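# Fold and geometry: a report
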Amino acid sequence: MEFFQDFSKLGSLLSQMLGGSLVTLEIWALTLVFALPLGLLICMMRLSKSRILSGLSKAYIFYFRGTPLMLQLLFMFFGVPLVLGLKIDRMFAAVLAFLLNYAAYFSEIYRGGIQSIPKGQYEAAHVLGLSGKVTFTKIILPQVVKRILPPMGNEIITLVKDTALVYAIAINELLMEAKIVVMRESTIVPFVAAAVFYLIMTGLLTKLLNVVERKFAYYR
Amino acid sequence: MLKATNIRKKFGKLEVLKGVDLEVNKGDVIAIIGPSGSGKSTFLRCVNLLESVDGGCLEIDGEYLFREQGGRIIFPEPDKKRALRKRLGMVFQDFNLFPHLSVMQNLTLAPLQEQNADRDAIEHSCRELLRKVGLSEKEKSYPCELSGGQQQRVAIARALALKPEILCFDEPTSALDPELTGEVLAVMKQLASEHMTMVVVTHEMGFAGEVANEVVFMDGGVVVERGTPSQVLRNPSQQRTRDFMSKLLTV
Amino acid sequence: MKKILAALMAAALVFGFAACAAPAASNSPSASEAPSVSEEASPSESAEAAEQPSESADASWQAIKDKGSFTLGFDQAFPPMGFKDDNGEYVGFDIDLATEVASRLGLELKLQPVDWDAKAMELSSGSIDVIWNGLTINDDNKKDMLFSDPYMNNRQIIVVAADSDIQSIADLAGKVVAAQIDSSGLAAIEAQPDVMATFAQLVQAPDYVEAFMELKQGTVDAVVVDEIFGKYHIAQEKAADTYRILDDNFGEEQYGIGFRLGEQAFRDKIQETLNAMIADGKAAEISKKWFGDNIVIGG
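The structure contained in this document is the topic of the report that follows.

Conventions we followed
- In this convention, every chain numbers its residues from 1, walking through the sequence in written order.
- Key to labels: chains lettered from A, ligands numbered from 1, both in the order written.
- Only residues with pLDDT of at least 70 are given local features in this predicted model, and only at 80 or more are side-chain atom pairs given and counted; all residues enter the totals for whole chains, interfaces and linings.
- Derived side-chain values reflect all non-hydrogen atoms in the structure, with water molecules and hydrogen atoms excluded from consideration.
- Patch criteria: residues need more than 30% relative accessible area and no salt bridge. Like-charged residues are merged within 9 Å; nonpolar side chains of Val, Leu, Ile, Met, Phe, Trp and Tyr are merged within 5 Å.
- Every accessible area reported is derived by Shrake-Rupley at a probe size of 1.4 Å, with residue values counting cover from the shown protein chains alone.
- Within this document, salt bridges are pairs made up of a side-chain nitrogen of Lys or Arg and a carboxyl oxygen of Asp or Glu, the two lying within 4 Å of each other.
- The helix and strand labels rest on DSSP assignments: H or I over at least four residues marks a helix, E over at least two residues marks a strand, and numbering proceeds from the N terminus.
- Accessible area is worked out with a 1.4 Å probe on protein chains only. A residue is then buried under 20% of its type maximum, exposed over 50%, and partly exposed in between.
- Think of it this way: DSSP has to see at least two bridges between two strands before they count as a pair.
- For every element, the axis is a line fit to its C-alpha atoms; helices are fit only across the contacting stretch, and the angle between N-to-C directions ranges from 0 to 180 degrees.
- It only takes one pair of heavy atoms within 4.5 Å for two residues to be counted as in contact.
- Buried area: the accessible area, evaluated with a 1.4 Å probe, that two parts lose upon being put together, summed over both parts.
- Oblique is the label for every angle not falling under 35 degrees (roughly parallel), over 145 degrees (roughly antiparallel), or within 65 to 115 degrees (roughly perpendicular).
- In this scheme, a crossing is called left-handed if the near helix is turned counterclockwise away from the far one by less than a right angle; it is called right-handed if the turn is clockwise.
- Gly counts as polar in this scheme, as do all residues outside two lists: the nonpolar Ala, Val, Leu, Ile, Met, Phe, Trp, Tyr, Cys and Pro, and the charged Asp, Glu, Lys and Arg.
- Any two of the Phe, Tyr and Trp rings considered here, Trp counted by its six-membered ring, make a pair once their centres fall within 6.5 Å; the pair's planes then place it as stacked at under 30 degrees, edge-to-face at over 60, or tilted in between.
- Only Lys NZ and Arg CZ are tested; either one counts as a charge over a ring when it is within 6 Å of the ring centre and within 35 degrees of the ring normal.

## Notes on a nonpolar patch on the surface
Residue and element names in this part refer to chain A. Taken together, Val192, Val196, Ile200 and Leu204 make up a surface patch of nonpolar side chains, about 380 Å² in accessible area. Note on placement: Ile200 falls in helix 9 (residues 189-215). Classification of Ile200 by relative accessible area gives partly exposed; the value is 48%.

Rendered as structure tokens:
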């Protein structure tokens, strides 16, 4: 292919793709940092005895799981400023939309994990006089983490690829950068390169997740 | 030292405890026996506050852990409740060890939560308990690496680590293969010989006959008969007790 | 207490979204308030401009002057009008024009890539001040924005494979035709429903390069594309002999600059400066740099 013979072009392609990958990773990391705890909070609300809290949580999950992420992204960037009359930064809108959406999924994964812990664990903690906080942080949560690793791993890897949606509010993540070069150079080589970049990222993540899973393999 | 009066409990419409009384004195070993569904496990769970009760009163040394007032169950304030609750220990049928913690961590976790906990002293006494149940070399193992009998012995040590005054056992050998029940019963016998106060819900008639000083026979949510082992097990006065005993013998 | 606060925040979010759903979907009602028509508007030569409602004293130009800059929205994947080059810089014919306009007005030009499908929303939400990127002047777009005078002609050309038997629009009957989603090419086809009805299928490609790829693979028989971009692409691909451009086309159209509805004063100021650039030959110079020829009109 002619494109490959022009090294300066290949270099600029790579640097553009690298820049795009950094944006992709930034959205990915920020989303995780906030969505993981927020998901837990929503899950706790869902499981709380208060009808109001669990109702709110159910409504939250219903909305964010029930509408396309793309739509939520567009609402966040174009809708919210319209209603509130304020300007919102593109990156901020993107991360906010992603973390709210992913928190809904994470909360359901947490719930599955928490509800799969046998009742006997709570009873043992109770008769040992452990407080609710100690029971949750030292007994339940560590076991939940092991149980939810596989479904969480799925979501965490899906998130890498979902970040491509931010093109809709003109953030230049990896796929958008590839498309720009495709349009400029009239070749599809950049798409192939984008695939390789995505595979590198998800491949490294898969490895990392395997390491973490092995760390938890010491007990059943 | 422990007095349960007129304990009543319903699961939906089903009345599983129809007013059960029990008095435990220091050094007592009380075996509660009866057919499955008789309410004996539920009673023990109520005493340990694992089930809410619909009526009745529970006292430890004259201080109530719950009591009935105007048709409602009231508890003392949380700190007092926890302090009283701590005087009871509980061993479950399914062990309920914490799988993600080592044997030693299972034992030390609860004592370490207490104020001014001294880690060295706690670890020392827990090691002592492990030696007592014959598992000194397993302190770094995880529950999944142990046999059922070993797990139940860890569970007993874990309950003892909090220095309870009364230790309750809910069918401690029912989940074990027959060849493993002996090691658990041996530990329990040893505790009895050290004058540990124990309430044991069990199907082990041999253990009840040999170790208990009082046997309580429950059926249909009530105490049918109580007395010394020789009275209840060998010379029951009630027809229902005789039926139960004869069924056991024919098996 | 903390729990309650968190719950309230969550509630606010949920209902906030529900509330904003409606206006976002109905494409900014606030921007479409009718501007008062004034006869005192700057004299405009073209019929296009005369039709547009104008305001003599809106604050739009003053607001831009106070800001000291204006933001240009463009599709960064639309060479040669505006795109990101090898060095990651935004370049293109339209961007050169706008840079010159801004410098003559003593303003800073800010470049903001947008998703072309969302350009009208970007404009009305205020994240950009103008759309200046080979934007076709048509009735559809006029509903959402105020236009400058046309500054360039464009045609919707029909590209087929070199060895195709298609020679005219009539030959497209029974064929698969592709155009870009939400493009003026698509609008031009849809404006001729009886022609469109003869197609076997009308494929809406996400972008032109994909449309051309389909043409190469034979999954479509013809691509309707902006002449400006189509010729650029064929030159880039060095594939003049694989494609053939039909003599027929889907109509002439003109490119203009899109402004927010009601911002007549700002529009007039930009127009005035552009006209001066056309008069003194600067626009022609920029055109020659990008197209080898002066294809700028108006002035």
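## Here we look at the sheet that holds strand 9 (residues 197-201) of chain B
All names here are of chain B. Strand order in the open sheet formed by six strands is 7-8-9-3-10-11, and the pairing between neighbours is mixed. Of all strands in the sheet, those with a lone pairing partner are strand 7 (88-91) and strand 11 (222-227), marking the two edges. Adjacent strand axes in the sheet meet at a mean angle of 20 degrees, parallel and antiparallel pairs treated alike. Across four bridges, the pairing between strand 3 (residues 29-33) and strand 10 (residues 214-219) is parallel. Considered in strand 10, the bridge of Ile32 is made with Val216. Where helix 5 (residues 148-160) meets the sheet, it contacts strand 7 and strand 8 (166-170), and its direction lies at approximately 170 degrees from that of strand 7.

## Section: the interface of chain A and chain B
With 19 residues of chain A in contact, the opposing surface of chain B contributes 22 residues. Carbon and sulfur atoms supply 65% of the area that chain A and chain B bury against each other, a total of about 1900 Å² over both sides. By the criterion of area lost to chain B, the three top residues of chain A are Val127, Leu128 and Tyr218 of chain A, representing 32% of everything that side buries. Where chain A meets chain B, there are one salt bridge. We note a salt bridge from Arg45 of chain B to Glu123 of chain A, for which the minimum N-O separation is 2.4 Å.

## A short note on the packing of helix 3 (residues 103-112) of chain B against helix 4 (residues 119-132) of chain B
Residues and elements named next belong to chain B. Contact geometry for helix 3 and helix 4: axes closest at 10 Å, N-to-C directions at 130 degrees. Taken as axis vectors, helix 3 and helix 4 run oblique relative to one another. Considering only the axes of helix 3 and helix 4, their crossing is right-handed. Taking contact as the criterion, the partners of Val103, Met104, Leu107, Thr108, Pro111 and Leu112 in helix 3 are, on helix 4, Arg119, Ile122, Glu123, Cys126, Arg127, Leu129 and Leu130. Looking at the contact of helix 3 with helix 4 residue by residue, the classes come out as nine nonpolar, one polar and three charged.

## Focus: the packing of aromatic side chains
Tallying each qualifying case throughout the model produces 21 aromatic pairs over all chains. Ring geometry for Phe217 of chain B and Phe244 of chain B: centres 5.2 Å apart, planes at 40 degrees, overall tilted. Of the two residues, Phe217 of chain B is situated in strand 10 and Phe244 of chain B in helix 9 (residues 239-250); the sequence distance between them amounts to 27 residues. Just as Phe217 of chain B is buried, Phe244 of chain B falls in that class too. When the centroid spacing of 5.1 Å and the interplanar angle of 75 degrees are considered together, the rings of Phe74 of chain C and Tyr90 of chain C count as edge-to-face. Here Phe74 of chain C, found in strand 1 (residues 69-74), pairs with Tyr90 of chain C, found in strand 4 (residues 90-91); they are 16 residues apart in sequence, far enough to count as distant. Residue class for Tyr90 of chain C comes out partly exposed when judged on its relative accessible area of 26%. Taken together, the ring pairs in this structure connect Phe78, Phe83, Tyr208, Phe229, Tyr232 and Trp290 of chain C into an aromatic cluster. Over the face of the ring belonging to Tyr219 of chain A we find Lys146 of chain A, whose NZ or CZ atom lies 4.8 Å from the ring centre.

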